[in-house]
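Examination of the molecular architecture
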Amino acid sequence: YPTFEVTAQVGGNLGDGPARLGMYKFDKMWNGAAAYTNGKYIVFYGGARDGWQWVTGYNFWAGYGPALSEIADAQGFIKSKQFHLSTDEEDYPTFEEEPEPGSV
């Protein structure tokens with residue numbers, strides 16, 4: 001299970017955004033999915049009733065998250081919460097200069 005980096009919060013309403021950033025490493029298998037932690041937060045699948053969770057401990061609950069059939073892994077869940085991973089490609093606008101009409 002490779003580590004991954006959460007690099008930015010780009011929207012959404014999750015609190016404590018800066019503490020959710022950083023390198024996430026595999027912690028353990030939990031309810032059939034790989035759980036990851038950055039040392040402060042844990043992303044894990046809470047089972048069919050609870051869905052995906054991104055909280056500070058396995059005994060915490062943040063509401064009903066999406067099912068494993070909807071989002072297959074922790075990285076997908078993090079992205080669904082409007083956070084970027086270091087592997088995401090940025091969509092930067094291009095600023096190519098166009099010649100002034102009649103100047104060519």
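Note that this is a predicted model, so its numbers are computed, not measured.

Right, let's get into the side chain of Gln53. Position of Gln53 relative to the elements: it lies in strand S5 (residues 52-55). On the basis of relative accessibility, which here comes to 1%, the residue Gln53 falls in the buried class. Excluding anything up to four places from it in sequence, Gln53 contacts Ile42, Val43, Phe44, Phe60, Trp61, Ala62, Gly63, Gly65 and Phe77.

So, about the pattern of salt bridges. By the definition in use, this model includes one salt bridge. Across the pair Asp88 and Lys79 runs a salt bridge, and its minimum N-O distance is 3.0 Å. Residue Lys79 is classed as partly exposed on the basis of its relative accessible area, which comes to 42%.

A few words now on unusual backbone geometry. Here the phi dihedral of Asn31 falls at roughly 55°; this positive angle occurs in a residue that is not glycine. Here Asn31 lies in the loop between strand S2 (22-30) and strand S3 (33-37). Given the relative accessible area of 45%, Asn31 is considered partly exposed.

As for its position among the elements, Val6 is in strand S1 (residues 4-9). When the C-alpha positions of Val6 and Pro18 are compared, they lie 9.8 Å apart, and in sequence the two are twelve residues distant. When residues no more than four places from it in sequence are discounted, the contact partners of Val6 are Arg20, Leu21, Gly22, Tyr24, Ile78, Phe83, His84 and Leu85.

With that settled, the discussion passes to the sheet that holds strand S6 (residues 83-85). The six strands lie next to each other as S5-S4-S3-S2-S1-S6, forming an open sheet whose pairing is antiparallel. Two strands lie at the open edges of the sheet, namely S5 and S6, each paired on one side alone. Taken pair by pair, the neighbouring strands of this sheet meet at an average axis angle of 35°, ignoring direction. Of the pairings in the sheet, the one linking S1 to S2 comprises three bridges and is antiparallel in character. The partner of Val6 across the bridge, within S2, is Gly22.

Geometry of an aromatic ring pair is reported as the spacing of the ring centres plus the angle between the planes. Counted under the stated rule, the structure contains twelve aromatic pairs. A ring pair is formed by Trp52 and Phe77, whose centres lie 6.1 Å apart and whose planes are at 20°; its orientation type is stacked. Within this pair, whereas Trp52 is found in strand S5, its partner Phe77 is found in helix H2 (residues 74-80), the two being separated by 25 residues in sequence. Residue classification places Phe77 among the buried positions, given a relative accessible area of 4%. Through a chain of ring-to-ring contacts, the aromatic side chains of Tyr1, Phe4, Tyr24, Phe26, Tyr36, Trp54 and Phe83 assemble into a single cluster. Its end group placed over the ring of Trp54, Arg20 keeps NZ or CZ at 5.0 Å from the ring centre. Taking the ring centre of Tyr58 as reference, the NZ or CZ of Lys28 above it sits at 4.3 Å.

Definitions and cut-offs
The numbers attached to residues start from 1 for each chain and follow its sequence in the written order. Where totals are concerned, whole chains, interfaces and linings use all residues; where local detail is concerned, this predicted model gives features only for residues with pLDDT of at least 70, and gives and counts side-chain atom pairs only at 80 or more. Processing note: side-chain calculations cover all non-hydrogen atoms of the structure and skip hydrogens and water entirely. For the purposes of this entry, the term helix denotes a DSSP run of H or I that reaches at least four residues, the term strand denotes a run of E that reaches at least two, and both are numbered from the N terminus. For each residue, the accessible area found with a 1.4 Å probe, counting protein chains only, is set against the maximum for its type, and the residue is called buried under 20%, exposed over 50%, and partly exposed in between. Residue contacts are defined here by distance: any two heavy atoms, one from each residue, within 4.5 Å place the two residues in contact. We define a salt bridge as a contact between a side-chain nitrogen of Lys or Arg and a carboxyl oxygen of Asp or Glu at a distance within 4 Å. DSSP-based pairing: two strands are paired if at least 2 bridges between them are found. Axes here refer to lines fitted to C-alpha atoms; in helices the fit is confined to the stretch in contact. Angles between the N-to-C directions go from 0 to 180 degrees. By convention, a stacked pair of Phe, Tyr or Trp rings (six-membered ring in the case of Trp) has centres within 6.5 Å and planes under 30 degrees apart, an edge-to-face pair has planes over 60 apart, and any other such pair is tilted. Note on geometry: a ring has a charge over it if NZ (lysine) or CZ (arginine) is within 6 Å of the ring centre and within 35 degrees of the ring normal.

Coordinates in, geometry out; function isn't part of it.
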